[in-house]
Amino acid sequence: MMQEIFDVIFDLAMPFLDTRENKTHTRISCRFAERLLKKEGGDPHVVYPALILHDVGWKCIPEDLQLSAFGPGDKDMKLNRIHEIEGARIARDILEQVRYPQHLIKEITDIIIGHDSRKIAISINDAVVKDADKLWRYSEDGARINALRFALSFSQNLDRLRKKLDEWFITRTGLTIAKEELRLRESSLDRLSAPSHSL
Ligand SMILES: [Fe+2]
Ligand SMILES: [Fe+2]
């Protein structure tokens, strides 16, 4: 039953996630959330819809401007803010369409509206969403996609991810998973750069 409603919300979010690799990002972040919820607690009825819908607002930002609003370096934070505000609005529309409980809609949209700009978590649900959002950057797809779009080598991107560990993660589990993922990315880099043994 629970899974069913999340699938319906995901289907309704799909047209809005069709930009900035957000379908892949959202799926992977939801997978990390499962482990975070198990270890840290939190309410899946808040965390999953918040994650599924947190980036729907990017659809309101022209694709040629998106890269100026996120990633390393000086970014247009006013533009970034639009994806939070529009995202909360679209999320509310979708959740009302499926008759999601009003008090949960309020909590979910409060999380979405500050998922990037608010650095402090307002609840354990918020902390799990923030950590799952950032863990994607450490996943295989996330590391590859971000290196490509930020014009970094895979290894330069891993250096960046290593430096951000203490800044980005709020929960102990988030930090542990990020370190594990980073080790996996580093070992695949070693394999890629190792001299071939075949003749
Ligand atoms: Fe975002
Ligand atoms: Fe995100």
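Structure: see above.
These numbers were taken from a predicted model, which means no experiment stands behind them.

Draft legend 1. Structural detail: the pattern of salt bridges. Applying the stated criterion to the full structure yields twelve salt bridges. A salt bridge links Asp55 to Arg20, with the shortest nitrogen-to-oxygen separation between them at 3.5 Å. Here the residue Asp55 occupies a position in the loop between helix H3 (44-53) and helix H4 (63-66), and Arg20 occupies one in the loop between helix H1 (2-17) and helix H2 (22-40), the gap between them amounting to 35 residues. For the pair Asp55 and Arg20, a shared accessibility class is recorded, and that class is buried. By sharing partners, the salt bridges in this structure join Asp159, Arg162 and Glu186 into a single network.

Draft legend 2. Broad picture of the coordination of the iron ion (ligand 2). Around the iron ion (ligand 2), the protein supplies His25 (NE2), His54 (NE2), Asp55 (OD) and Asp133 (OD) as donor atoms, at distances of 2.2 Å. Around the iron ion (ligand 2), the four donor atoms are arranged such that angles at the metal cover 84 to 169°; this shape is classified as irregular. In primary sequence terms, the donor set of the iron ion (ligand 2) follows H-x28-H-D-x77-D.

Draft legend 3. Focus on the nonpolar core. Judged by nonpolar contacts, the single largest core of 46 residues is most densely connected at Ile9, Ile52, Leu53, Tyr100, Ile108 and Tyr138. Taken together, the elements giving at least two residues each to this core come down to H1, H2, H3, helix H5 (77-97), helix H6 (102-113), helix H7 (124-135), helix H9 (154-168) and helix H10 (172-193). It is H3 that provides the largest number of residues to this core, a total of seven residues. Ignoring sequence-local partners within four residues, the contact set of Leu53 consists of Ile9, Ala13, Gly87, Ala91, Ile94, Leu95 and Ile112. Trp58, Ile61, Phe70 and Phe150 belong to the second largest nonpolar core, which has six residues in total.

Draft legend 4. Spotlight on the packing of H2 against H3. Where H2 contacts H3, the axes come no closer than 9 Å and their chain directions differ by 160°. The angle between the axes of H2 and H3 places the two elements in the roughly antiparallel class. Considering only the axes of H2 and H3, their crossing is right-handed. For the pair formed by H2 and H3, the contact residues are Thr26, Ser29, Cys30, Ala33, Glu34 and Leu37 on the first element and Pro44, Val47, Tyr48, Leu51 and Ile52 on the second. For the contact of H2 with H3, a count of residues per class yields eight nonpolar, two polar and one charged.

Draft legend 5. Quick look at the coordination of the iron ion (ligand 1). In the first shell of the iron ion (ligand 1), the protein supplies Asp55 (OD), His83 (NE2) and His115 (NE2), at 2.1 to 2.2 Å from the metal. Read in sequence order, the donor residues for the iron ion (ligand 1) give the motif D-x27-H-x31-H. Here the iron ion (ligand 1) and the iron ion (ligand 2) are spaced 3.7 Å apart, linked through Asp55, which binds each one. In this pair, His83 is assigned in helix H5 and His115 in the loop between H6 and H7, connecting sequence segments 32 residues apart. Note on His83: relative accessible area 0%, which makes it buried.

Draft legend 6. Spotlight on the state of the cysteines. Overall, the coordinates contain zero disulfides when judged by the stated rule. As a non-bridged cysteine, Cys30 has Cys60 as the owner of its nearest cysteine sulfur, 20 Å distant. Here Cys60 falls in the partly exposed class, since its relative accessible area comes to 36%.

Draft legend 7. Here's a closer look at unusual backbone geometry. The phi dihedral of Glu21 falls on the positive side, at around 55°, and the residue is not glycine. Secondary-structure assignment places Glu21 in the loop between H1 and H2. By relative accessible area, Glu21 is classed as partly exposed at 42%.

Draft legend 8. Spatial organisation of the packing of H1 against H5. Relative orientation of the contacting elements H1 and H5 amounts to 145°, with a least axis distance of 10 Å. Regarding H1 and H5, the two cross each other, and that crossing is right-handed. Of the residues in H5, those in contact with Ile9, Leu12, Ala13 and Phe16 of H1 are Ile90, Ile94, Leu95 and Gln97. Per-class residue counts for the contact of H1 with H5 are seven nonpolar, one polar and no charged.

Cut-offs applied
- Residues numbered from 1 in each chain as written.
- Chains lettered and ligands numbered in written order.
- Predicted model: local features only at pLDDT ≥ 70, side-chain atom pairs only at ≥ 80, totals over all residues.
- Heavy atoms only, no water.
- Salt bridge = Lys/Arg side-chain N within 4 Å of Asp/Glu carboxyl O.
- Helix = DSSP H or I, 4+ residues; strand = E, 2+ residues; numbered from the N terminus.
- Buried < 20%, exposed > 50% of the residue type's maximum accessible area, 1.4 Å probe, protein only.
- Donors = N, O, S within 2.8 Å, 3.2 Å for Na, K, Ca; no water.
- Tetrahedral: all angles 85-135°; square planar, octahedral: opposite > 155°, others 65-115°.
- Core = buried A, V, L, I, M, F, W, Y, C linked by side-chain atoms within 4.5 Å.
- Contact = heavy atoms within 4.5 Å.
- Axes fitted to C-alpha atoms, helices over the stretch in contact; angles between N-to-C directions.
- Parallel < 35°, antiparallel > 145°, perpendicular 65-115°, else oblique.
- Left-handed = near helix turned anticlockwise from the far one by under 90°.
- Nonpolar A, V, L, I, M, F, W, Y, C, P; charged D, E, K, R; others polar.
- Disulfide = S-S within 2.5 Å.

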